[in-house]
Amino acid sequence: MTILIAYDGSDDAQAAVMYAARHLKPEPAVVMTVWEPLLAQVNWASLATVTSVAAWQEGGHYEEQKEAERLAEHGAGLARDNGLAEVTARTEPGAGPVWAAIVDVADELNASLIVTGSRGLAGARSVILGSVSTRVLHHARRPTLVVPPPKEDD
């Protein structure tokens, strides 16, 4: 079985990776970052310009994909540094909501567990659509662990 850890680089996502690595039974893990192609971002934000659409049509999503790969590798390294040995980084282009990509990949992998932080970097989009972690929790057909943010020292 495989643990699927959703990772967007946020402090909460980092806390989730470290928690999973330190507290879960060692088994293969996939640290996944969902990236949104520029056109998808334009569609939800209604901020389309001729330049951005043209960039998309000419493969302008390259930078978004590379950033997602960098984030996924960072998350996988964090998992390894905290005790998980067999970790793979993965990226997925989001053709819809981020939570749906997470649930779909979990199903594809037959993941034994989905791990996510309680808040991420979704920003304005999460205000419109709701929390990614909440949606994963309600739509996943497998165990899901939502790790809260680390406590701040008073």
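Being a predicted model, the structure only gives us computed values, none of them experimental. (Residues numbered from 1 in each chain as written. Predicted model: local features only at pLDDT ≥ 70, side-chain atom pairs only at ≥ 80, totals over all residues. Heavy atoms only, no water.)

Caption draft 1: Focus on the pairing of strand E2 (residues 29-35). E2 sits mainly inside the fold: 7 of its 7 residues count as buried. Burial along E2 is two-sided: the face carrying Ala29, Val31, Thr33 and Trp35 and the face carrying Val30, Met32 and Val34 are both buried. Across 4 bridges, the pairing between strand E1 (residues 3-6) and E2 is parallel. Residue pairing for E2: Ile3 is matched across the bridge by Ala29. A crossover links E1 with its parallel partner E2, the connecting element being helix H1 (residues 11-23), and its sense is right-handed. Two elements, E2 and strand E3 (residues 87-93), share 7 bridges in a ladder whose sense is parallel. Of the residues in E3, the one forming a bridge with Val31 is Ala89. (Buried < 20%, exposed > 50% of the residue type's maximum accessible area, 1.4 Å probe, protein only. Helix = DSSP H or I, 4+ residues; strand = E, 2+ residues; numbered from the N terminus. Pairing = 2+ DSSP bridges. Right-handed = clockwise from strand over helix to strand, strands pointing away.)

Caption draft 2: Representation of the pairing of E1. The two faces of E1 match: Ile3 and Ile5 on one face and Leu4 and Ala6 on the other face are all buried. Judged from the 3 bridges that link them, E1 and strand E4 (residues 113-117) form a sheet pairing that is parallel. Its bridge partner lying in E4, Leu4 is registered against Ile114.

Caption draft 3: Spotlight on the packing of H1 against helix H4 (residues 62-81). Two elements in contact, H1 and H4, have axes separated by 8 Å at closest approach and are oriented at 35°. Handedness of the crossing formed by H1 with H4: right-handed. Residues Gln14, Val17, Met18 and Ala21 of H1 form the contact with H4, whose participating residues are His74, Gly75, Leu78 and Ala79. Split by residue class, the contact of H1 with H4 holds 5 nonpolar, 3 polar and no charged. (Axes fitted to C-alpha atoms, helices over the stretch in contact; angles between N-to-C directions. Left-handed = near helix turned anticlockwise from the far one by under 90°. Contact = heavy atoms within 4.5 Å. Nonpolar A, V, L, I, M, F, W, Y, C, P; charged D, E, K, R; others polar.)

Caption draft 4: Representation of the side chain of Glu92 within the structure. Secondary-structure assignment places Glu92 in strand E3. A polar side-chain atom of Glu92 sits 2.7 Å from a polar atom in the side chain of Arg90. When near neighbours in sequence (up to four residues on either side) are disregarded, Glu92 contacts Met32, Thr33, Val34, Trp35 and Val105. (Polar contact = N/O pair within 3.5 Å; in protein donor to acceptor, adjacent residues only side chain to side chain.)

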